[in-house]
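# Structural overview for review
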Amino acid sequence: MGTKAKEIINMDVEEVIGLLNKAFADEWLAFYQYWIGAKVVKGPLRGVAERELEEHAGEEFEHAEKLAERIITLGGEPILKPEEWYNVTNCGYAAPDDPTTRSVIQQNVEGEQCAIEIYNNLIDTVKGKDEVTYKLIVDILEDELEHEEDLQNILEDLEVMGK
Ligand code: FE
Ligand code: FE
Ligand code: MG
């Protein structure tokens with residue numbers, strides 16, 4: 001990171017890196033939860049659910065990539081060992097033990113709601129202090145809001161079908 005680039009950050013850079021690494025762990029776990037969910041999901045609206053879960057997996061992967069890039073730009077190191085994800089995650093991981101559509105989708109809604117809260121808090125933390133991270137997190141939050149809505153729409157359709 002350039003010296004001027006560092007100078008314009010009005011907070012402890014290590015703190016930003018730590019918060020971004022926690023979100024980075026969340027994104028990998030969210031990626032896997034969606035990815036494996038898309039593989040095992042079954043029941044009503046299976047095809048619709050599978051496509052949405054796959055799409056979201058891809059978007060969580062992109063979030064992980066963007067967070068890693070920002071961590072590196074800030075002079076930090078993205079978590080190198082997957083086992084560390086569990087130590088730092090905010091939102092955890094929910095295994096799709098019950099692979100029916102409603103259950104898998106509901107687990108992911110809960111994950112999204114956690115992510116929304118975390119990113120919304122992160123925005124407050126970096127606002128006016130690290131504008132580049134701020135912009136990145138606002139972009140990610142926008143995706144998470146869309147994810148929650150997409151999943152809740154499927155739950156609504158299941159409800160209408162009486163499933
Ligand atoms: Fe995400
Ligand atoms: Fe998401
Ligand atoms: Mg979607």
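What comes next is a walk through the structure. (Residues numbered from 1 in each chain as written. Chains lettered and ligands numbered in written order. Predicted model: local features only at pLDDT ≥ 70, side-chain atom pairs only at ≥ 80, totals over all residues. Heavy atoms only, no water.)

### Thoughts on the overall build of the chain
- When helices and strands are counted, the chain shows six helices and zero strands.
- A compact globule built from 163 residues should have a C-alpha radius of gyration of about 15 Å, and the chain, at 17 Å, falls within 12% of that.
- Principal-axis analysis of the C-alpha atoms places the extent of the chain at approximately 60 × 30 × 20 Å.
- With 163 residues in all, the chain has 41% of them scored as buried.
- Long-range pairs, those at least 24 residues apart, make up 81% of the contacts in the chain between residues at least 6 apart in sequence.
- On the chain, roughly 8,800 Å² of surface is accessible, and the fraction owed to carbon and sulfur atoms is 50%. (Helix = DSSP H or I, 4+ residues; strand = E, 2+ residues; numbered from the N terminus. Rg over C-alpha atoms; globule rule 2.2 N^0.38 Å. Buried < 20%, exposed > 50% of the residue type's maximum accessible area, 1.4 Å probe, protein only. Contact = heavy atoms within 4.5 Å. Areas by Shrake-Rupley, 256 points an atom, 1.4 Å probe, with all protein chains shown as cover.)

### Examining the packing of aromatic side chains
- Going through the model one piece at a time under the given rule, you end up with six aromatic pairs.
- Their ring planes at 5° and their centres at 5.4 Å tell us that Trp-28 and Trp-85 sit as a pair that is stacked. Of the two residues, Trp-28 is situated in helix H2 (residues 13-40) and Trp-85 in helix H4 (residues 82-88); the sequence distance between them amounts to 57 residues.
- An aromatic cluster is defined as three or more aromatic residues linked by ring pairs; in this entry it consists of Trp-28, Phe-31, Phe-61 and Trp-85. (Phe/Tyr/Trp six-rings, centres within 6.5 Å; stacked < 30°, edge-to-face > 60°.)

### So, the nonpolar core
- The biggest cluster of nonpolar side chains holds 28 residues, and the ones touching the most others in it are Leu-20, Phe-24, Leu-67, Leu-74, Tyr-119 and Ile-137.
- Listing elements by their share of this core, those giving two or more residues are H2, helix H3 (46-73), H4, helix H5 (101-126) and helix H6 (131-160).
- Counting residues per element, this core draws most heavily on H2, which supplies eight residues.
- Among the nonpolar cores identified, the runner-up in size contains 14 residues, and Phe-31, Ala-49, Leu-53 and Ile-154 belong to it. (Core = buried A, V, L, I, M, F, W, Y, C linked by side-chain atoms within 4.5 Å.)

### Some remarks on the coordination of the iron ion (ligand 1)
- The coordination sphere of the iron ion (ligand 1) contains the protein donors Glu-27 (OE), Glu-27 (OE), Glu-60 (OE), His-63 (ND1) and Glu-144 (OE), at a distance range of 2.0 to 2.3 Å.
- Between the two metals, the iron ion (ligand 1) and the iron ion (ligand 2), the spacing is 3.9 Å, and Glu-60 donates to both. One end of the pair, Glu-27, is in helix H2; the other, His-63, is in helix H3, and 36 residues separate them in sequence.
- A relative accessible area of 2% means that Glu-27 is categorised as buried.
- For His-63, a relative accessible area of 1% gives the class buried. (Donors = N, O, S within 2.8 Å, 3.2 Å for Na, K, Ca; no water.)

### Some words on the side chain of Glu-144
- Secondary-structure assignment places Glu-144 in helix H6.
- No salt bridge is formed by the buried Glu-144; the nearest opposite charge belongs to Lys-66, separated by 10 Å.
- Not counting the four nearest positions on each side in its chain, Glu-144 is found in contact with Glu-27, Glu-60, His-63, Glu-112, Ala-115, Ile-116 and Tyr-119. (Lys, Arg positive; Asp, Glu negative; His and termini not counted. Salt bridge = Lys/Arg side-chain N within 4 Å of Asp/Glu carboxyl O.)

### A look at the coordination of the magnesium ion (ligand 3)
- At 2.0 to 2.4 Å from the magnesium ion (ligand 3) lie its protein donor atoms, namely Glu-52 (OE), His-56 (NE2) and Asp-150 (OD).
- Read N to C, the donor residues that coordinate the magnesium ion (ligand 3) are spaced as E-x3-H-x93-D. With a gap of four residues between them, Glu-52 and His-56 both fall in helix H3, about one helical turn apart.
- When its relative accessible area of 17% is taken as the criterion, Glu-52 is described as buried.

### Details of unusual backbone geometry
- Here Leu-45, not a glycine, exhibits a phi torsion of approximately 60°, which is positive.
- Mapped onto the elements of the fold, Leu-45 is located in the loop between H2 and H3.

### Comments concerning the environment of Pro-96
- Position of Pro-96 among the secondary structure elements: in the loop between H4 and H5.
- Here the alpha-carbon distance between Pro-96 and Glu-110, two residues 14 residues apart in the chain, equals 13 Å.
- Those residues in contact with Pro-96 that sit more than four places away from it in its chain are Ile-36, Gly-37, Val-40, Val-104 and Gln-107.

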